[in-house]
Structure formats: C-alpha cells, structure tokens
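# Coordinate analysis (summary)
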Amino acid sequence: MLLKYPHRMAGHCGSGALRDLLEWAGLGWQEVPGEGLVFGMGGGLAFTYLRLAGLTPPVYLVGRSSDLEVDLLARLGAEVDVRETDDPVVGWEWVRSELQHGRPVMVWADIAELPYLNVRLQMKRPRFDAAAV
C-alpha cells in the first residue's frame, strides 16, 4: 500500500512534520497551516539549557518544548500513540505496521545519523512515535 502523504522542506523538523501531518488529515483554515502556526499551537516555544562535555561552547540552547509534537496533537483531540524501544527491529516493525494500516508515523531520529545533514550533535532519544489524527 502506498501512503499518499505530502512532504515539503521545512525550517524545523518537528513543526514541518506536524504541518505535513495536518495537511494529510485535511485540517486547515482555507489553506495548509504554516510552520509558525503549528509551532505556536503546539506550545513550541520553550527554553532548555544543557551543559554537554565536548561541545564548544559547552552549552546547547533549545528553543522548543520537548513534547511539541505530542502536545499539538493532544490539543487538537487527535489520538496519539507514543511507543519507545531500544530495539531497532521492533521499532521498524511498529512503523511498518502503521504505514500498512494507512497511517503516517512520526519517528524521533538521531540527527547525527541522517546522511543528508552535516551535524555532529547527537540527539539520543530512542523513541518511535506513532501518531494518528
């Protein structure tokens, strides 16, 4: 089964993925919501301060809330199924099952492992999020 899912480049991974998910679900106000609206509706603006050894300078500032994706979907009354595993085989099976049922999936990935990004920062958070609207 081929899932017809819109995807466009985004300024931010979370708000861009949510924008695409809202479009897939047919939610919008005369047009597809923009990333800024999605970010705001998810309560995305937050401040996190981390001190990380090996990072120069040793401080990482995050401008988004840690649960932006789940918070927006919950505010919209969507069913959100968050799953976590350290096992990549189990995680991929969860993703495959959702796709086979015609539901898009948001997956938390370590950005340092994405071949198209030139980053050194690792975002370790073994989490496979399946969200349905």
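Residues numbered from 1 in each chain as written. Predicted model: local features only at pLDDT ≥ 70, side-chain atom pairs only at ≥ 80, totals over all residues. Heavy atoms only, no water.

Helices and strands together make up the secondary structure of the chain, namely 4 helices and 5 strands. Reading the chain from its N terminus to its C terminus gives the helix and strand order α-α-β-β-α-β-α-β-β. The buried share of the chain, reckoned over its 133 residues, is 28%. For the chain, the proportion of contacts with a sequence separation of at least 24, taken over those separated by at least 6, is 49%. Looking at the chain as shown, the accessible area adds up to about 8800 Å², and 59% of this sits on carbon and sulfur atoms. (Helix = DSSP H or I, 4+ residues; strand = E, 2+ residues; numbered from the N terminus. Buried < 20%, exposed > 50% of the residue type's maximum accessible area, 1.4 Å probe, protein only. Contact = heavy atoms within 4.5 Å. Areas by Shrake-Rupley, 256 points an atom, 1.4 Å probe, with all protein chains shown as cover.)

L18, L21, L22, V38, L68, L72, L73, A78 and M106 together form the largest nonpolar core, which totals 9 residues. Of all elements in the fold, only α1 (13–24) and α3 (68–75) reach the threshold of two or more residues within this core. (Core = buried A, V, L, I, M, F, W, Y, C linked by side-chain atoms within 4.5 Å.)

So, about the pattern of salt bridges. All told, the structure shown has 8 salt bridges when counted by the stated rule. Salt-bridge contacts for D81 lead to R83; the nearest nitrogen and oxygen are separated by 2.8 Å. A relative accessible area of 29% means that D81 is categorised as partly exposed. For R103, the salt bridge identified is with E98, shortest N-O distance 2.6 Å. The exposure class of R103 is partly exposed, given its relative accessible area of 28%. (Salt bridge = Lys/Arg side-chain N within 4 Å of Asp/Glu carboxyl O.)

The next thing to look at is α3. L68, E69, L72 and L73 are the residues of α3 that are buried. All buried residues of α3 project into a common sector of 125 degrees when viewed along the axis, lining one side. One or two residues past the end of α3 sits G77, with phi positive at roughly 80 degrees. (Arc of directions from axis to C-beta.)

So, about the packing of α1 against α3. Where α1 meets α3, the closest approach of the two axes is 10 Å, and the angle between their N-to-C directions is 30 degrees. As the angle between them shows, α1 and α3 are arranged roughly parallel. Like other packed secondary-structure pairs, α1 and α3 cross with a definite hand, here right-handed. Between α1 and α3, the contacting residues are G14, S15, L18, L21 and L22 on the first element and L68, E69, L72 and L73 on the second. Its residues assigned to classes, the contact of α1 with α3 shows 6 nonpolar, 2 polar and 1 charged. (Axes fitted to C-alpha atoms, helices over the stretch in contact; angles between N-to-C directions. Parallel < 35°, antiparallel > 145°, perpendicular 65-115°, else oblique. Left-handed = near helix turned anticlockwise from the far one by under 90°. Nonpolar A, V, L, I, M, F, W, Y, C, P; charged D, E, K, R; others polar.)

The next subject is the side chain of S15. Position of S15 among the secondary structure elements: in helix α1. Here E35 takes part through its side chain, which lies 2.9 Å from a polar atom of the side chain of S15. The contacts of S15, once residues within four sequence positions are left out, are E35, V38, F39 and L68. (Polar contact = N/O pair within 3.5 Å; in protein donor to acceptor, adjacent residues only side chain to side chain.)

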